[in-house]
Amino acid sequence: MLSSNLTIGENGHLYFGGHDTVELAKQYGTPLYVMDEVRIRENMRMYLDAFKTHFGEGSKPLYASKANSFKRIYEIAKEEGMGIDVVSSGEVYTAMKAGFDLGDAYFHSNNKTDEDIAFAIDNGIGYFVVDNREELDMIDQIAGQKGKKQAILLRLTPGVDPHTYEAIATGKVDSKFGTAIETGQAREMVRHTLTLPNIDLVGFHCHVGSQVFGEDIYERASEIMLKFMHECEQEFSVKFEKLDMGGGYGVRYLDGDGYVDIPEAIGRVAKHMKAYCEHLGMDMPKIFMEPGRSIVADAGLTLYTVGTIKKITGYKNYVSIDGGMTDNPRYALYEAKYTVYHANKPEAEKDLIADVVGRCCESGDIIQPNVALPEPKRGDILAVCTTGAYNYSMASNYNRVARPAMVMVTPETSYVAVRRESLEDIVRNDV
Ligand code: LLP
């Protein structure tokens, strides 16, 4: 199977996190996001342990909560000892409501509004990861009005191409995010930042991209960042404490996909960084990373009920499900690949090739084209795997479709973490 939390039960059904997916669909209805709590915790611990072993005290992984943001996940992050990366007042508020200590939160985004800045400062945000000069000056001004000195990191673009798809490659020089090192603008930003009275510049950040498999991407990016840090420390006679290398390690969506051994990869990056710091004659900063996808992707699966099955003789077949691009827009946006199982009989002969499509009024509403499946009938359950990242967090109400519920499974039980939206929810803000 695609990942170790997927198994086949004695009744032949697909099991996820030890639970019969057909029974979960019956109990909670579909479409249904299912999250494996054990796997989330294992993934977090994998990062926490690797950081402890390779980077030591003071360094820390931050969960990039844009991958999947809801109250329960911040509670789990808190229990496990992860920091968090947040990108909007909505994520800040959700984390607060979960009782997460915002002192351990890093506020990203390439365009924080004045309201975002004031809201986050009022609620004790630990750090802003500052994207650009306007934002920097505004944070200085607002912090000053509130009588605070605000800790920040500057987001820089190291100019490394992560070889992932264009929409999620962010570390290149011409990126919408951050300030470029290559053009000299980053150096000017540092010079300016150090003159601001209400800002405490504690370090730097970069994020090269997402779904990254490239062997030496983080090594190359870290050299550029460390060299820049060192040069700034010498030029401005200051010390910077933190270097945040962003998120991005890739996950498996298909059986044939590669695999990143994350503890091993972190070990390699750490060794490389230590050697490079020694070469430069600088102290190793505290290191941070912001994994999102690799924390939650394989901890999630989506269950759908099959509706219409359409066979266009001589052309193609469609299997329609009761969700679609509203709960998972990733094929529509990126032609993202997914593994789809017939949850009632995953091991039966795959005698149908069909596009698995949603029910929006749009031809592009495809979950996955050309899927080989045991032929389903109306009422059967399909499971789409590895949907824990960037599915719920990117869901919409297009066509006024209500968003699915999210259910957590543990070995002992299952429980609702996010309720299914009702028709009343759909009209709640209409006046
Ligand atoms: N840090 C920063 C600054 C980021 O921009 C991102 C992702 C992350 C961390 C987490 O990266 P991860 O470990 O999850 O790869 N919607 C797209 C992905 C967009 C990623 C945006 N930034 C998708 O569905 O593939």
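What you see is a predicted model, and the numbers here were worked out from it, not measured in a lab.

So, how was this worked out
Residues numbered from 1 in each chain as written. Predicted model: local features only at pLDDT ≥ 70, side-chain atom pairs only at ≥ 80, totals over all residues. Heavy atoms only, no water. Phe/Tyr/Trp six-rings, centres within 6.5 Å; stacked < 30°, edge-to-face > 60°. Helix = DSSP H or I, 4+ residues; strand = E, 2+ residues; numbered from the N terminus. Buried < 20%, exposed > 50% of the residue type's maximum accessible area, 1.4 Å probe, protein only. Core = buried A, V, L, I, M, F, W, Y, C linked by side-chain atoms within 4.5 Å. Domains from an automatic or database assignment. Contact = heavy atoms within 4.5 Å. Near = heavy atom within 4 Å. Polar contact = N/O pair within 3.5 Å; in protein donor to acceptor, adjacent residues only side chain to side chain. Areas by Shrake-Rupley, 256 points an atom, 1.4 Å probe, with all protein chains shown as cover. Nonpolar A, V, L, I, M, F, W, Y, C, P; charged D, E, K, R; others polar. Salt bridge = Lys/Arg side-chain N within 4 Å of Asp/Glu carboxyl O. Buried area = accessible area lost by both parts, 1.4 Å probe. Axes fitted to C-alpha atoms, helices over the stretch in contact; angles between N-to-C directions. Parallel < 35°, antiparallel > 145°, perpendicular 65-115°, else oblique. Left-handed = near helix turned anticlockwise from the far one by under 90°.

Q: Before we go on, may I ask you to explain the packing of aromatic side chains in this structure?
A: To describe a pair of aromatic rings, one takes the distance between the centres and the angle between the planes. The final tally for this structure, using the stated rule, is eleven aromatic pairs. Between the aromatic rings of F204 and F240, the centroid separation amounts to 4.9 Å while the plane-to-plane angle is 75°, which identifies the pairing as edge-to-face. Highlighted residues: F204 in strand β11 (residues 199–205) and F240 in the loop between α8 (217–236) and β12 (242–244), separated in sequence by 36 residues. The burial state of F204 is the same as that of F240; both residues are buried. Here a set of aromatic residues connected by ring pairs shows up, and it is made of Y33, F70 and Y392.

Q: Even after reading the chapter, I still don't get the nonpolar core, so can you show me in this structure?
A: When a protein is soluble and globular, its nonpolar side chains tend to lie buried together. Judged by nonpolar contacts, the single largest core of 105 residues is most densely connected at F128, F204 and Y249. Both domains that furnish three or more residues to this core are identified here as domain 1 (6–36 + 297–427) and domain 2 (108–291). In this structure, F128 is in contact with F107, K112, I117, A120, I121, I139, Q150, A151, I152 and L153, ignoring residues within four places of it in sequence. The next biggest cluster of nonpolar side chains, apart from the first, holds 20 residues, and it includes L14, L24, V34 and I381.

Q: In this structure, what is going on with the site of the ligand? I would like to understand it.
A: Surrounding the ligand, one finds 21 residues, the nearest of these being S210, E290, R293, R330 and Y390. One of the side-chain N or O atoms of D85 is found 3.4 Å from a nitrogen atom in the ligand. Within the side chain of R330, an N or O atom sits 2.5 Å from an oxygen atom of the ligand. For the ligand, whose unbound accessible area comes to 590 Å², protein coverage reaches 92%. Residue composition of the shell around the ligand, grouped by class: seven nonpolar, eight polar and six charged. Here the shell around the ligand spans two domains, since at least three of its residues come from each of domain 1 (6–36 + 297–427) and domain 2 (108–291).

Q: I'm lost on the pattern of salt bridges in this one. Help?
A: Close approach of charged atoms allows side chains with opposite charge to pair. Summed over the entire model, instances satisfying the criterion amount to 32 salt bridges. Across the pair D298 and R39 runs a salt bridge whose closest N-O atoms are separated by 3.0 Å. One end of the pair, D298, is in the loop between α10 (293–296) and β14 (300–312); the other, R39, is in helix α2 (residues 37–54), and 259 residues separate them in sequence. Among the ionic pairs, K112 bridges to E135, the shortest N-O distance being 2.5 Å.

Q: Looking at this structure, I do not really get the domain arrangement of the protein chain. What am I missing?
A: Interface size is often expressed as the accessible area that is lost when the parts come together. Per the domain assignment, the segments of the protein chain are domain 1 (6–36 + 297–427) and domain 2 (108–291). Once you take the C-alpha centre of each, domain 1 and domain 2 turn out to be 36 Å apart. At the interface, seven residues of domain 1 touch seven residues of domain 2. Carbon and sulfur atoms make up 56% of the area that domain 1 and domain 2 hide from each other, which totals about 740 Å². The tally of links from domain 1 across to domain 2 stands at zero salt bridges. At the surface where domain 1 touches domain 2, the tally comes to two residue pairs in polar contact (both at pLDDT 80 or more). Looking at the side of domain 1 that touches domain 2 residue by residue, the classes come out as three nonpolar, two polar and two charged.

Q: Help me understand the environment of Y398, please; the structure alone is not making it clear to me.
A: Here Y398 lies in the loop between β19 (381–385) and β20 (405–409). Of the residues examined, Y398 reaches a relative accessible area of 33% and is grouped as partly exposed. In sequence terms Y398 and V208 are 190 residues apart; their C-alpha atoms lie 31 Å from each other. In this structure, Y398 is in contact with M325, T326, C360, C361 and E362, ignoring residues within four places of it in sequence.

Q: It is not clear to me how the packing of helix α5 (residues 114–122) against helix α6 (residues 133–145) should be interpreted in this structure. Could you clarify?
A: Across the interface, α5 lies against α6 with an axial gap of 10 Å and an inter-helix angle of 45°. Taken together, α5 and α6 sit at an angle that is classed as oblique. Crossing of α5 against α6: the hand is right-handed. Of α6, the residues touching α5 (which contributes D114, I117, A118 and I121) are E135, M138, I139, I142 and A143. Residues of the contact of α5 with α6, tallied by class, amount to seven nonpolar, no polar and two charged.

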